[in-house]
Structures are given as structure tokens and as C-alpha cells.
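Each chain is listed here by its residues.
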Amino acid sequence: MKELYDVQQLLKKFGVFVYVGKRLWDIELMALELDHLHKAGVIDNQTFIAAKLVLSREHRFEEKKERNRK
């Protein structure tokens, strides 16, 4: 799992489609959904960690991009 798209496809397998309208919010909501799936035991630890790392990286990137706009 390397990109946000990969995380989206993982969530899609479980019927979770995320689109809030702002990329940063989408990432945050995906992280919450991922937490719920992991807690329910439907995804393994390795997949969970890989997806969380991707989301963390993308979240940092989006925050940095927003800071640079100001």
C-alpha cells in the first residue's frame, strides 16, 4: 500500500466510500473508518498499519500545503 488510492480501494472493498469535498477531511474520515474496520477485526494489523502510514503521510502533506497557501 503506497498511495491514498490504495487506501480508498481497501475501504471500497468493505462498502466504505468517502467524499466530503475537502481532501484533508476525506483523509481524516478514512482514518476513522479504518480504525472502525480494524477494531471490528475485519482487517489485519499489517494492512491497518500500512494504510495508517499512508494516511498520516498524506495528512501531513495536505497540512503543509494549506500552511504554504497562507
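The structure this text deals with has already been given above.
Procedures and definitions
Residues numbered from 1 in each chain as written. Predicted model: local features only at pLDDT ≥ 70, side-chain atom pairs only at ≥ 80, totals over all residues. Heavy atoms only, no water. Buried < 20%, exposed > 50% of the residue type's maximum accessible area, 1.4 Å probe, protein only. Helix = DSSP H or I, 4+ residues; strand = E, 2+ residues; numbered from the N terminus. Arc of directions from axis to C-beta. Contact = heavy atoms within 4.5 Å. Core = buried A, V, L, I, M, F, W, Y, C linked by side-chain atoms within 4.5 Å.

Undergrad: Lay out helix α1 (residues 4–13) in plain terms, naming residues and giving numbers.
TA: Those residues of α1 lying buried are L4, V7, L10 and L11. Mapping the buried residues of α1 onto a view down its axis gives an arc of 115 degrees, with all of them on the same face. Of the surrounding elements, those touching the buried residues of α1 are α2 (23–39) and α3 (45–69). Within two residues after α1, G15 carries a phi angle of roughly 80 degrees, on the positive side.

Undergrad: Give me the lowdown on the nonpolar core, citing residues and values where you can.
TA: Counting residues in hydrophobic clusters, the biggest one holds 16 residues, and the most contacted among them are V7, L11, M30, L34, I43 and L55. Breaking this core down by element, the ones donating at least two residues are α1, α2 and α3. In terms of residue count, the dominant contributor to this core is α2 (5 residues). Beyond its immediate stretch of four places on either side in the chain, V7 contacts M1, M30, A51, V54 and L55.

It is worth stressing that arrangement in space is one thing and function is another; only the former is reported here.
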